[in-house]
Amino acid sequence: MHETSISHLQGRDPEVAGLVEAEARRQYEKIRLIASENYVSPAVLEATGSVLTNKYSEGYAGKRYYEGQQNVDPIELLAIGRAKELFGVEHANVQPYSGSPANLAVYMAFLEPGDPVMGLSLPMGGHLTHGWSVSATGKWFDPVRYDVRADTGRVDMDKVRDLALKERPKLIWCGGTAIPRTIDFPAFAEIAREVGAVLAADIAHIAGLIAGGAHPSPVGHADVITTTTHKTLRGPRGAMIMSTAEHAKAIDKAVFPGLQGGPHNHTTAAIAVALREAAQRDFSGYARQIVANAGALAAALLERGYDLISGGTDNHLILIDLTNKGIAGKPAAQALDRAGIELNYNAVPFDPRKPFDPSGLRLGTAAITTRGLGEAQMPRVAAWIDEVVQAAAKGDETVVDRVAAQIREFLASYPMPGWTSTP
Ligand code: DSN
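Q: Would you mind showing me how to read the overall build of the chain here?
A: Regarding its fold elements, the chain presents 16 helices and 15 strands. For 423 residues, the compact-globule estimate of 2.2 N^0.38 gives 22 Å, and the chain sits close to it at 22 Å. If one aligns the C-alpha atoms of the chain with their principal axes, the spans along those axes are about 60 × 60 × 35 Å. The buried share of the chain, taken over its 423 residues, is 56%. For the chain, the share of sequence-separated contacts (at least 6 apart) that also reach a separation of at least 24 residues comes to 72%. In the form shown here, the chain has an accessible surface area of approximately 18,000 Å², with 53% of it arising from carbon and sulfur atoms. Taken as two groups, the 41 positive and 47 negative side-chain charges of the chain have centres that lie 0 Å from each other.

Below is the structure:
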């Protein structure tokens, strides 16, 4: 059952309470491989569900537009101080509501409408807000897109440089949502310097790996760094923008009053808690285990003939092209979900299929590493994935219930933060 009490909710609104409880059970019983998800600690859950949600705090500590900030100011200052310490940055803004608003604030801080912006294209692993056509960032700015190489599945920095020299973007994004390999921050910084662009590193997926020393840091290379707080960093749904002191004022002005009103103080508190957790010594072990698990899972999938974009992974994320398995990403993801393995269908680079019915699957190991699974368990996970995908390719549903039951039994040995088996 849900570990933090929902007794009031059960009394006041049994319908919602029932769904919350069902979601807790679903998260307990599934192998959760969505690369952008995790399990937060009960401490983060408690901060998120606290009375801080009652308070309005437009402005910044010491300069608010509402009275009564005796507790909110120190909470926000704690979160800022912890972010600065953990990532080694000069400035942090912890108010963005989530990753997309954080990225919009970067545009607001540095660009005028119509200015050229360069980012990894969405089907190659970029993010909507890096100038993709359906996003406001692609409509209101002039997008220039770089790709990955078809033969390596990796970004070709020579091509990025050539494109930047030709198009002269004012802002360059590195990072994205489906990048299985290490991001070369120094190379991006050199290109940005050469063309006079601001370099923004979107580390949403890898922030926890960076905090834990399991991925190189963009600090000292990127002018501005955005991140969500809920993926490998294992905090609440929120975001931060970090920068050098030089850009602090522009970033803060862009977030408030440029784009947002009052910050979500309950989220700020939970971010502070998560940052404290990420500063503990065991977090670097966690970050390294995420990467080790992804490597072991990738190796087990390769052994079973899966075609992995870039041939493997350096981080928490694996991108599979299912074309050689005779099934598209969506039916495979749906069959896996029914069998107790949750992930998402995803476009692969140069995908001939449509985004809503693409060729690939995206997996990540942050959540299962939080549950305590290690490298030794990855071949078992790969075997279940393979069994279900092969069956789904033949239209065979018979394995689904059996695998789901096996997974429920298997996961009973791996505690879930936020769930308790004893009422
Ligand atoms: N939705 C996030 C992800 O899954 O990577 C990106 O916005």
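After presenting the structure, the write-up continues.
Q: Even after reading the chapter, I still don't get the pattern of salt bridges, so can you show me in this structure?
A: Pairing between side chains becomes possible if they bear opposite charge and their charged atoms approach one another. Under the criterion given, the structure shown has 18 salt bridges. Across the pair R32 and E342 runs a salt bridge whose closest N-O atoms are separated by 3.5 Å. Residue R32 is located in strand 1 (residues 31-32), and its partner E342 is located in strand 13 (residues 341-342); the two are separated by 310 residues in the primary sequence. Overall, R32 belongs to the buried group, its relative accessible area being 4%. With a closest N to O distance of 2.9 Å, R64 and E76 form a salt bridge. In this pair, R64 sits in strand 3 (residues 63-64) while E76 sits in helix 4 (residues 72-87), placing the two residues 12 residues apart along the sequence. Neither residue differs from the other here; R64 and E76 are each classed as buried.

Q: Sorry, what's going on with the pairing of strand 15 (residues 360-364) here?
A: Looking along a regular strand, one sees the side chains alternate between the two faces of the sheet. Strand 15 sits mainly inside the fold: five of its five residues count as buried. The two faces of strand 15 match: G360, R362 and G364 on one face and L361 and L363 on the other face are all buried. Note: strand 12 (residues 317-321) against strand 15, five bridges, orientation antiparallel. Looking across to strand 15, one finds that I318 is bridged to L363. Relative to strand 15, strand 14 (residues 344-346) runs antiparallel, the two being bridged by three bridges. Note that in strand 15 the partner of Y345 across the bridge is L361.

Criteria and thresholds
Residues numbered from 1 in each chain as written. Predicted model: local features only at pLDDT ≥ 70, side-chain atom pairs only at ≥ 80, totals over all residues. Heavy atoms only, no water. Helix = DSSP H or I, 4+ residues; strand = E, 2+ residues; numbered from the N terminus. Rg over C-alpha atoms; globule rule 2.2 N^0.38 Å. Buried < 20%, exposed > 50% of the residue type's maximum accessible area, 1.4 Å probe, protein only. Contact = heavy atoms within 4.5 Å. Areas by Shrake-Rupley, 256 points an atom, 1.4 Å probe, with all protein chains shown as cover. Lys, Arg positive; Asp, Glu negative; His and termini not counted. Charge placed at Lys NZ, Arg CZ, Asp CG, Glu CD. Salt bridge = Lys/Arg side-chain N within 4 Å of Asp/Glu carboxyl O. Pairing = 2+ DSSP bridges.

Shape is all these values report; function is a separate question.
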